[in-house]
Each structure stands twice: as structure tokens, then as C-alpha cells.
Amino acid sequence: MSAPPLLEVENLRIDLLGDDRRHAAVEGVSFRIGRGETFGLVGESGCGKSITALSIMGLLRHPLAIGGGAIRLEGQEIQSLPPGQIRRLRGSRIAMIFQEPMTALNPLSPVGRQIAEMFVLHQGAGWSEAGDRAVEALRQVRVPSPERRVKDYPHQLSGGMRQRVMIAIALACGPDLLVADEPTTALDVTVQAEIVDLMRELCAANGTAILMISHDLGLVANICRRVAVMYAGRVVEEQAADAIFRQPQHPYTQGLVASLPLLGGRAAHGRRRLAEIAGTVPAISAYPAGCRFNPRCDRATDVCRVEDPAATPLGDGGLVRCHHHG
Amino acid sequence: MPLLILRRLGNTVPTIVAVVLVIFTLFSVIPGSFTSAGDDGRVLDAQVAERMRKELGLDDPLHVRFGSYVANLVQGDLGTSFRTREPVTKVIAQRLWPSLKLTIAAMGFAILVGVPLGFIAALRPGSLIDMASMVVAISGLSLPKFWLGLMLMYLFALTLGWLPSFGYGDGGLRHLILPAVALGVSPMALLARTTRAGVLDVLNADFVRTARSKGMSEYRVVRWHVVRNALVLVLTTIGLQFGSLMGQAVVVEKLFSWPGLGSLLVDSVFQRDIPTVQGSILVIVLFFLAINTLVDIAYVIIDPRIRYG
Amino acid sequence: MKLRANLLIGGALVTVAVVVGVLAPWIAHTDPVLDANLMNAEIPPGSEFLFGTDGQGRDIYSRIVYGAQISLTVGIISQIANSIIGVTLGLTAGYWGGWWDDFVGLVTNLMLAIPSLIFALAIMAILGPGLTSLLIALGLTNWSYSCRITRAQVLSLKSQGYVQAARILGYGDFRIMFTQLLPNMIGPIIVIATLGMGAAILAEASLSFLGLGIRPPFPSWGSMLSEARDQITTAPWLSVFPGLAIFLTVLGLNLLGDGLRDILDPQSRERRA
């Protein structure tokens, strides 16, 4: 019998509670992340990837709520834990980084204090000890002269520095899993790579698994071993990262791959126009019948408009959800 | 930081000058019914009118009169009361403490009741207690202060006999309670509403989600991350209300025969005591500006974005 | 749901006040000023006199019915005046900017610095009591909010395409201000005027209570309370009903203003004060 994976999401459903009815914003989402593994969740904004992340953290707020399925941390179901217990997991075993480091930090509190809170909350440290350790934590994320920086307020730091502070907070208590929701989207391109490298390096050193959430397939494929692609509340394809590049199975994934600017290889053939996927993600309340991608899909046939495709297993434990995959 | 505070102080100077100009203009340039006759039939006799004209210097050219008015003001001279023949500054000084006491007590009541009420309402939006506190708030904003005072007086003083019905007494707490509550209800209501709106705003902020993701109890989220941010929003309302409360106190002071600036102002209006009227208004306005400047400075201390900005 | 409750209760209270005021001559039992009858003095509320009678034997119900006319007149006319002043100043200051904007800003600050009740009281002291003086005092002293909000809205609308387009088409400044800008900010202005109406009614009552507004024997709710104060031990009902009338009318206007704000001015949460 093998040990259960670090995180297992099974058949997750997230409801958007309306005045008179509920809509499934996320439905039938399943994936597993092993210890120390890096896993990517990719999709356009509105596809449900961020609320999937929040549901793992137990941070869904009304009108969103888990409507079914299971989230297990080392085999233990956490979605049904009483609030006090899931709270103890947050920060200590599962931590999260958010997209916008300016608003994600309290503007009226020095950053050192915001890091130190972690040691006080989860390791019973006193404030002065926690303060010293906050300096160390800042040093680890390579913020220069951390002794002085701990006293700074968020608005005094650059975007990249703020995101380093967020990483320091998230990794302060050595969590097993780091959920990173678009951690570089709000940053300058030049800083993005630094932040990604820093995250990857620190997590590798601590054996922390990463659930990386992004709209950027290139970024995710770069640092993640496995990638799941979400569309309109469902996982439409999951494969190893290199396989998804070489042989994307779902038309949507193929569209994403085709829209990536490539250096070297194909770029050598001249300036190829980047392909676009026509249309937009449907609203939660207006998911189309059948396959949810059918209105935007050039391969759609009658069956796609009527029947929701089931998941077809792929060789390495991956899956694709399409009537005409390949 | 001292420079910033100095600049805030400097900002109020044009307003003060404009206020002085308005007060001067209102009562010195168009004193029509004031020196000739009240329309209530109390015709002033010629002697009194003549004395008033002289003391006001109504025969001098306008700019000379304004010049001497400002010159006197700068030296702290608000003129001489027509009625008591005492310096207006002295008359006002006697009334200042009772007025301050009433204002502070009313504001204390408003803060102690209104802020927690708004806080609790925001933490349980849509709940019964939320609904109830918002009903209290909107009612408090719609109540005429003097009527509320009258009803409180009837109930607690005249019927139950728990508290004195009016007057300053020995200056103790018992005389203070009813007028302070009557005056404090509308700022209390306003504070409850702004606090609720402010806390709801902060609770939706990203950094509160971060705080929750750290594994904090809801109590600590509120204590460590919501209170301070919400208070920054509430502070403006506290300042504006506190500053204008001395003006709003007029009716309450009159109702309870409270010997403050408000009753002095109203009595002086009826006695056509122009220098005292001008002086009381000026002090009430200066109090408002002083409190607002203090709030600005408090901002500088509380909010690091302004401190280093 | 709460939104509808605001509008519903507020609208109902205001409608009642307006209907009572308009129909006063028909629904009042007696003349509010002339029908004094010392034989009927200080009769408690009952079947003969719904709200009782005062020290001079006048029917309180009839006086309250007529009082609605005074309160509503003061509220409506003063708010129309305030809106016109505030909107005109706000539009021109925001649109033209420059020294005019600075000047309007200074005057607005000045108006905000002098508590409006004190300002109105000073004007009443000079003009003497009476309805006209009240309308002047309250119509001139409470426009700073509509001015500020109009100005802020102009600043945010000014750069938008259709305003630029109107300018390129050669529209005059005033035409742009009143036909292009104003219609887009009418919501917040109505909200402020509604809330201001409540404030004006309270101010009228306060001034009349102090003896500086409407003078007895005319049946302003405030002056009725002023008279009632001395008889509170012997005839408390004299104090209860006029106060209730003020409270319910102002409550109605405040609820209506809140409800309208939710509909007409959804992004105004930070201004909710």
C-alpha cells in the first residue's frame, strides 16, 4: 500500500450561491500533488482556478462554497474540518501567495511584524523572538539589509520586494504545500524570473510542494512537473509538462500552446503570427450545454453540443476531456 | 513630519481669514434690523441705537472698521459686551468650559456606543443585530435633538426623578448626562454607520484574506488587521462631528439651560449684543478648525503612507 | 431586500407627509391659528381631540397638519436653492478649474467650517424671524456637499470621449456643462437634495424652537415644541406629537435618500457619511 499523496483533490465542486439558485462554478475537478512536487493549474481568468486554490485554503467566502467532492491532505479530508482545525493547517502546512503584493499586505503594519505574526501564531514565539526571526526570513528571500527593512511599511517597498515579503510570510513555518496564485502577474517582466527562481529554490530546499496557478502556460510548464488545464470550471486536460507541450490533446490546450511565443526552434522560421483563441470564457451562469468549449472550438460537432465529454485517461496518469482529442 | 504639520496648520489660515471676514460683514455691514429695530416690536430707543452706532464705529469707512476689527482680534480683543459691559473674551471664557465639557461628554457617548455598534453590525452583516443597529442609526439621525432632550427630560427627570431636569448644578456628572446623551445621539448614529461601512470595506480588503491565509482566528484578524485600518476611516467622521458639535449644541444648551457658548450665542442674539454674537461664532468656528487640524495631524501619526509620503 | 425596505418605508412616510400638507385645509378640523378656545384648554388626546389641545384650546391635530406645510415648504424650497447654487458652482469650478476653482474651493471650505445651524442662526438674527428669512438662511448655507460632489464628478467625466467630442463640435461651455455633464450626475444630486431636505426640516424646527424661525402662533412643529416645553409637566402630549411629526418626516426623507442612493449612485460607499 502506497502512502497517500500530499494533496488530493477529488471531484471537487464549488457552488456560486445566487438568490434563488446555485451554479457550479467549478465541477468535477480532480488532481493529486505529491510531496515536494510542483503542479501547475492553467486557465484564463474566470475559469475557476483561483477559487479552486481558495477552496484548498478553506478561504471561500459567501457566495462561494464547496458543493461536493473531497480535498485531502495526506489522506485526511480537510474540507469538512471544523474551522478551528483547518485554521491551524493554514500557514503552518499549507500557505498561499497572492497576485497583488501591494494590497495583499496590510498598509498600516511594518512588514517585519507581518512576517513575525507567523511565528507567534504557529510556533508560540514571543514578539521579540519572532521579530528576530522575521529578519532571518527576510534575509532568506534575499531582501538587502533586512535589519532595516523589517521596519518598513509595504508602500516603501517595490513590487518585487513586496512579493519577496509575501514569500517570506508563506514559507515562514516551512509548509508542506505552497499555493501560489498568479504570483508574478502584477510584477515587472524583469522581476518575474527572479521571483519564480526564488520560490522554486526555497521550496526545493525545504521540500515544499508548489501548486502554481497562472494564466501563463509557458511559465507554469517551465517550473512545474505536471500541468492541469482548466476551462469554464473543469479540468479539460492534465499531463506532464513536457508532454503538454509536445502533444497537447485538447483543442483548448492546443490553442494555448499555439499562442505561446517561442524562442529558438519555431521562432527561427520567421515571425510567425501568434495564434489566438476566438471568443471569451462563458459566464458561470451561462455555461453552454455539452462540452463547455464547443462554441469556441473549430472541431466541434453535434455530439459536442449535446453531450458533456467524459475524462479519457492518458498514458502517464493524465487525462483529457474531449470527444475529438488528439 | 513637523514640516507636514506646519503645512496643515498653514492650510487653515485662509479659511480663518475668510471666516473673520464673513462674521465681520454679516454683523457690521448689514446690521439693519439689528440697530434699528427688531421686528418683534422691541424698538430700540434712540439713545441705545446711538451708543451701538458709536461702539461699532458705524460712521467710519468700511475698510477702517475691518482693519481695526482685525487688529483687535489679533490682540485677542473681541470687543466689549453691550449687555454686561465686560470684555467679550471674559464672557466667553466663562462659558467655554461648560461647553467643552458637554461636547466632550456627548462625543464620548457617541464614540463609546456608535463605534462598537457599527463594528458588531459589520462583523455580522445581515444579522438581526446588524438590522437593529442600523435602525437605531437611521433613527438617531432623524431625531430632533431638542425633542429627544425634552423626552429624556420628561422621562428621567420629571417622571422618574433619577436625574436633574436642567441646569449646570455643581458641574457634576448628574447634570451632564441628559444633555450629553441628547447631543450625542446623532453623532453616535453617524459613527455607527461610517464604522460599519468602513469595517465592511476593510473586511473585503486583500490583506485581510492574507491574514486569514496565515491561519489567524477571526478575532485576531480583526484585532491585528481590521481595527486600525477601519479606525483611520472612522477618524474623519469623529473629527468632523466633534468639531461641529459645539455649534449643534445650541439647541440642547438652550433646552437644558446649560451655561455654554450656545446659550450665550442665542441669548446675545435676543439682546442684540453684537460683539458677543460675533465672538461666540468665531470661537465655535475656531474650535471646529482646531479639531479638524488635530485630526489631520493624527492621520499623519497613524497612517505611514502619509507620514513618509 | 433591505434596499426595497428603505425605499418603501421612506417613500410611504414622505408621501403621507406630502399628502397631509397638501390636503391640510380639508383634513384639518379647525383653523390652526384662530380657533383658540380657552374652554377647551389642555384637553388630553382622546376621541374629541385626537392629539389633545394646547393651553389656548387649539386642536393639536389641526396644527400638526398645517405644520406639515411649513416643514415641507422649507425643506423643498431651501433644497432647490442649495442644489442650484451647489451644482452651478461645482460644475463651473470643475470645468474651468484655475483661479475660479480655487476660489470656489475656499468658499466651500468656509461653508463647511461654519456649522450650518450657526450660520443659519446668524442670518436669522440679522433678517429677523419669518418664513422668508428661513428660506434665505437655509437655502444659502447648505450647498457645500452638492458643490463638492458635482465638482468631483465633473473632474472624472471631463476627460471622457463624449465631452471631448462636444468640445470639438464647438459647443459652448455652458451647453456642455448643462447638457452633457449635468444629466450624468443627476443621481447623486437628487440623493443629496433628499437628505438635505431632512436636514433643512430639522434646522427649521431647531431655529423655530429657539424662537428665531417661525414665531407663534403659526403652527411650525418647532415653535409648537417651544411653547410645549413650559407645559411639559401638565400637558406632555403637547411635546410628543409635534416631535413625532418631525421625526417621522425626517426619517422618511433619510430612508428615501438612502434607498435612492443604492439605486442611483451605487459607487458612493465612501461618501456614505
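Conventions and cut-offs
- Residues numbered from 1 in each chain as written.
- Chains lettered and ligands numbered in written order.
- Predicted model: local features only at pLDDT ≥ 70, side-chain atom pairs only at ≥ 80, totals over all residues.
- Helix = DSSP H or I, 4+ residues; strand = E, 2+ residues; numbered from the N terminus.
- Rg over C-alpha atoms; globule rule 2.2 N^0.38 Å.
- Buried ≥ 20, exposed ≤ 12 C-beta atoms within 10 Å, placed from the backbone.
- Contact = placed C-beta atoms within 7 Å.
- Pairing = 2+ DSSP bridges.
- Nonpolar A, V, L, I, M, F, W, Y, C, P; charged D, E, K, R; others polar.
- Domains from an automatic or database assignment.
- Axes fitted to C-alpha atoms, helices over the stretch in contact; angles between N-to-C directions.
- Parallel < 35°, antiparallel > 145°, perpendicular 65-115°, else oblique.
- Left-handed = near helix turned anticlockwise from the far one by under 90°.
- Expected span 1.5 Å × (residues − 1).
- Core = buried A, V, L, I, M, F, W, Y, C linked by C-beta atoms within 7 Å.
- pLDDT = per-residue confidence, 0-100.

Description of the overall build of chain A
In step 1: The helix and strand inventory of chain A stands at eleven helices and twelve strands.
In step 2: Compactness check: chain A gives a C-alpha radius of gyration of 21 Å against a globular reference of 20 Å for 326 residues, within 12% of the reference.
In step 3: Going through the 326 residues of chain A one by one, you find that 42% of them count as buried.
In step 4: Considering only residue pairs separated by 6 or more positions, chain A has 63% of its internal contacts joining residues 24 or more positions apart.

Considerations on the overall build of chain B
In step 1: Each helix and strand counted, chain B has 13 helices and zero strands in total.
In step 2: Helices (α) and strands (β) of chain B occur, in sequence order from the N terminus, as α-α-α-α-α-α-α-α-α-α-α-α-α.
In step 3: Of all 309 residues assigned to chain B, the portion counted as buried reaches 43%.
In step 4: Expressed as a percentage of contacts within chain B between residues at least 6 apart in sequence, the contacts between residues at least 24 apart total 73%.

Examining the pairing of strand β2 (residues 22-33) of chain A
Consecutive side chains along a regular strand alternate between the two faces of the sheet.
Residue and element names in this part refer to chain A.
In step 1: Alignment of strand β1 (residues 7-17) against β2, held across eight bridges, turns out to be antiparallel. By the bridge assignment, Leu-12 is partnered in β2 with Val-29.
In step 2: Counting the residues between successive antiparallel strands, the hairpin from β1 to β2 contains four residues.

So, the interface of chain A and chain B
In step 1: Across the boundary between the two partners, chain A contributes 24 residues, which contact 19 residues of chain B.
In step 2: Among the elements of the structure, α2 (83-89) and α3 (111-123) of chain A are those that each provide at least two residues to the side of chain A that touches chain B.
In step 3: Of all the elements, α3(A) adds the most residues to the side of chain A that touches chain B, at four residues.
In step 4: Taken together, the residues of the side of chain A that touches chain B sort by class into twelve nonpolar, seven polar and five charged.

Brief notes about the domain arrangement of chain B
Residues and elements named next belong to chain B.
In step 1: As far as domains go, chain B holds domain 1 (14-74) and domain 2 (91-308).
In step 2: Each partner contributes residues to the interface: domain 1 has eight residues there, and domain 2 has eight residues.
In step 3: For the side of domain 1 that touches domain 2, the element with the highest residue contribution is helix α1 (residues 2-29), accounting for five residues.
In step 4: When its residues are assigned to classes, the side of domain 1 that touches domain 2 shows seven nonpolar, one polar and no charged.

Remarks on the sheet that holds strand β6 (residues 94-97) of chain A
All names here are of chain A.
In step 1: Taken in spatial order, the eight strands line up as β6-β7-β8-β3-β9-β10-β12-β11 in an open sheet, and their pairing is mixed. Strands at the two margins of the open sheet, each flanked by one partner only, are β6 and β11 (312-313).
In step 2: Where β6 lies against strand β7 (residues 177-181), four bridges are found, and the strand directions are parallel. The residue of β7 that forms the bridge with Ile-94 is Leu-177.
In step 3: Contacting β3 (38-42), β6, β7, β8 (209-214) and β9 (226-231), helix α1 (residues 49-57) runs over the sheet at an angle of about 150 degrees to β7.

Side note on the packing of helix α11 (residues 261-270) of chain B against helix α12 (residues 274-302) of chain B
All names here are of chain B.
In step 1: Between α11 and α12, whose axes approach to 9 Å, the crossing angle comes to 150 degrees. Relative to α12, the element α11 is oriented roughly antiparallel. Judged by the twist between their axes, the crossing of α11 over α12 is left-handed. The residues of α12 that touch α11, namely those facing Leu-261, Leu-264, Leu-265, Ser-268 and Val-269, are Thr-276, Val-277, Ser-280, Ile-281, Val-283 and Ile-284.
In step 2: Residue classes in the contact of α11 with α12 are distributed as eight nonpolar, three polar and no charged.

A closer look at helix α6 (residues 159-171) of chain A
Residues and elements named next belong to chain A.
In step 1: Taking 1.5 Å of rise per residue, 13 residues should cover 18 Å, and α6 covers 18 Å from first to last C-alpha, within 8% of that figure.
In step 2: Along α6, eleven of the 13 residues are buried, which leaves the element largely enclosed by surrounding structure.
In step 3: Taken as a whole, α6 has its buried residues at Met-161, Arg-162, Gln-163, Arg-164, Val-165, Met-166, Ile-167, Ala-168, Ile-169, Ala-170 and Leu-171.
In step 4: Lining the buried residues of α6 we find β6, α3, α4 (127-140), β7 and α7 (189-206).

Details of helix α6 (residues 128-142) of chain B
In step 1: Taking 1.5 Å as the rise per residue, α6(B) with 15 residues should run 21 Å; its terminal C-alpha atoms sit 21 Å apart, in good agreement.
In step 2: Considered for burial, the residues of α6(B) that qualify are B:Ser133, B:Met134, B:Ala137, B:Ile138, B:Gly140, B:Leu141 and B:Ser142.

Quick word on the environment of A:Arg113
In step 1: Summarising the element assignment, A:Arg113 is placed in helix α3.
In step 2: Overall, the presence of 18 C-beta atoms within 10 Å leaves A:Arg113 in the partly exposed class.

Comments concerning the interface of chain C and chain B
In step 1: Each partner contributes to the interface: chain C provides 37 residues, whereas chain B provides 43 residues.
In step 2: Secondary structure elements with two or more residues in the side of chain C that touches chain B: α4 (98-113), α5 (116-127), α10 (186-210), α11 (221-229) and α12 (237-264) of chain C.
In step 3: It is α12(C) that contributes the most residues to the side of chain C that touches chain B, eight residues altogether.
In step 4: When grouped by side-chain class, the residues that make up the side of chain C that touches chain B number 26 nonpolar, eight polar and three charged.

A short note on the environment of C:Ala199
In step 1: Inspection of the secondary structure assignment puts C:Ala199 in helix α10.
In step 2: When the C-alpha positions of C:Ala199 and C:Arg63 are compared, they lie 22 Å apart, and in sequence the two are 136 residues distant.

Overview of the sheet that holds β1(A)
Residue and element names in this part refer to chain A.
In step 1: In space, the four strands of this open sheet follow the order β2-β1-β4-β5, with antiparallel pairing throughout. The sheet terminates laterally at β2 and β5 (76-77), the two strands that pair on one side only.
In step 2: Here eight bridges tie β1 to strand β4 (residues 64-73), and the two strands are oriented antiparallel to one another. Counted as the bridge partner of Leu-7 is Leu-73 from β4.

Side note on the arrangement of the chains
In step 1: Most contacts, compared over the two pairs of chains touching, are made between chains B and C.
In step 2: Nothing in chain A touches chain C; the tightest C-alpha to C-alpha distance between them is still 11 Å.

Here's the deal with the nonpolar core
In step 1: Ranked by size, the top nonpolar core spans 149 residues in total, and within it B:Ile281, B:Ile284, B:Val285, C:Ala120 and C:Leu121 carry the most contacts.
In step 2: Counting residues per element, this core draws most heavily on α10(C), at 15 residues.
In step 3: Of the residues that make up this core, three or more belong to each of domain 1 (14-74) and domain 2 (91-308) of chain B.
In step 4: Leave out the neighbours within four places in its chain, and B:Ile284 touches B:Met246, B:Gly247, B:Leu261, C:Pro115 and C:Ile118.
In step 5: Grouped together as the second largest cluster of nonpolar side chains are 91 residues, A:Met57, A:Ala116, A:Phe293 and A:Cys297 included.

Points about the confidence of the model for chain B
In step 1: On average, residues of chain B carry a pLDDT of 83, and 89% of them reach 70 or more.
In step 2: Under the prediction, the complex receives an ipTM of 0.87, its pTM being 0.82.

Digging into the environment of A:Thr253
Residues and elements named next belong to chain A.
In step 1: With respect to the element layout, Thr-253 can be found in helix α10 (residues 251-258).
In step 2: By the C-beta count within 10 Å, which is 25 here, Thr-253 ends up buried.
In step 3: As a C-alpha pair, Thr-253 and Ala-204 span 49 residues in sequence and 28 Å in three-dimensional space.
In step 4: Among all residues touching Thr-253, those that are not within four sequence positions of it are Val-229, Val-236, Glu-237, Ile-244 and Pro-248.

So, unusual backbone geometry
For residues besides glycine, phi is generally negative; the peptide bonds are generally trans as well.
In step 1: For the bond running from A:His62 to A:Pro63, omega is 10 degrees, close enough to zero to count as cis.
In step 2: In this model, A:Arg142 sits at a positive phi of 60 degrees, which is unusual for a non-glycine residue.
In step 3: If you trace the backbone, A:Arg142 turns up in the loop between α4 and α5 (146-149).
In step 4: Residue A:Arg142 is classed as partly exposed on the basis of its C-beta count, with 15 C-beta atoms lying within 10 Å.
In step 5: Even without being a glycine, B:Arg272 presents a positive backbone phi close to 55 degrees.
In step 6: For B:Arg272, the position within the fold is in the loop between α11 and α12.

Topic: the packing of helix α10 (residues 218-255) of chain B against α12(B)
All names here are of chain B.
In step 1: Axis separation between α10 and α12 bottoms out at 7 Å; the angle between their running directions is 165 degrees. Here α10 is positioned roughly antiparallel relative to α12, judged by the angle of their axes. Crossing handedness for the pair α10 and α12: right-handed. Here Val-232, Leu-235, Thr-236, Gly-239, Phe-242, Gly-243, Ser-244, Met-246 and Gly-247 of α10 lie close against α12, whose contacting residues are Ile-284, Phe-287, Phe-288, Ile-291, Asn-292, Val-295, Ala-298, Tyr-299 and Ile-302.
In step 2: When its residues are assigned to classes, the contact of α10 with α12 shows twelve nonpolar, six polar and no charged.

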